[in-house]
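# Close look at the chain arrangement
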Amino acid sequence: MTNRNRREFLKKAGVATAATVGAAGVGAPYVHAQSTPIRWRLQTYAGPALAAHVIKPSIDAFNQAANGEMEIELYYADQLVPTDELFRAMQRGTIDAVQSDDDSINAPVDVSVFGGYFPFASRYSLDVPALFNHYGLKEIWEEAYGEVEGVTWLGSGSWDPCNFVTRDPIRSIADLEGKRVFTFPTAGRFLSRFGAEQQCPPRFAIPSPRRRNAISSYREVP
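Now for a quick tour of the structure. Everything numeric in this text was worked out from a predicted model, so none of it was measured.

So, on to the pattern of salt bridges. On inspection of all chains with the given rule, the structure shows 3 salt bridges. Residue D60 is joined to K56 by a salt bridge in which the shortest nitrogen-to-oxygen separation is 2.9 Å. With D60 and K56 both in helix α3 (residues 56-65) and 4 residues apart, this pair spans about one turn of that helix. What makes D60 partly exposed here is its relative accessible area of 39%. Accessibility expressed as a relative area gives 32% for K56, which makes it partly exposed. Put simply, E142 and K138 hold a salt bridge, and the shortest N to O gap is 2.9 Å. One end of the pair is E142 and the other is K138, both in helix α6 (residues 137-146) and 4 residues apart, which spans about a single turn. Judged by its relative accessible area of 29%, K138 falls in the partly exposed class.

We now examine the pairing of strand β1 (residues 38-44). Counting buried residues along β1, 5 of its 7 residues qualify, which places the element largely inside the surrounding structure. Of the pairings in the sheet, the one linking β1 to strand β2 (residues 70-75) comprises 6 bridges and is parallel in character. Each bridged residue has a counterpart across the sheet, and for I38 the counterpart in β2 is M70. One ladder, built from 3 bridges, connects β1 with strand β3 (residues 97-99); its direction is parallel. The residue bridging L42 from the neighbouring strand is A97, located in β3.

Rules and cut-offs
Per chain, residues are indexed from 1 in the order of the written sequence. Local features are withheld for residues below a pLDDT of 70 in this predicted model, meaning they are given only at 70 or higher, and side-chain atom pairs are given and counted only at 80 or more; totals for whole chains, interfaces and linings count all residues. Here the side-chain values reflect all heavy atoms present in the structure, with hydrogen atoms and water set aside. By definition here, a salt bridge exists when the distance from a side-chain nitrogen of Lys or Arg to a carboxyl oxygen of Asp or Glu is within 4 Å. Only runs of H or I of at least four residues qualify as helices and only runs of E of at least two qualify as strands under DSSP, and these elements are numbered from the N terminus. Classification of residues uses two cut-offs on accessible area relative to the type maximum, computed with a 1.4 Å probe and protein chains only: under 20% is buried, over 50% is exposed, and between them is partly exposed. Strands were regarded as paired on the criterion that DSSP finds at least two bridges between them.

And the structure:
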């Protein structure tokens, strides 16, 4: 989201909120804050099938709650801009908002090394908001994005689960040492920091190399 659009939205949303709260307090009729709705173009990392679960319900609920004062137009992976160019597209104002991990959009921040799939948030979905809102990660991400002009980091979320199917149990980060893991590049680069070796056989060929012990595990997003 560009800073310019964020400031405009907050200014207009503040007027709308004050009017709504005031109306609720004194029983006055609802007053529209403006005649022209705010429109944002948001592109997600997900294709249509995955987006139907990880973002579209939220967008539909927001647009309904906005009561015509604001509308977020949802676009899927690569629909407007290639995913790896999304960060620069936000800076240029080509799009207004993005749902993605930091690495996939080439965000020039040091926290992008996590790629959205750090191990301590891969068991329960509620781990993610808890870690960000109560254990300091929110402030770390805000500081990182505060060093980059033209883009504001808004928040975190837990969407598609990260499942590891392994021949041996993984009970600690140390257990990743030497494991040959089939995964996508973002997660592979991060896991390699803990001794895992990324393997890239074709998806349809996974069962065969597992039987031959050519790979130790694979990571899957349903």
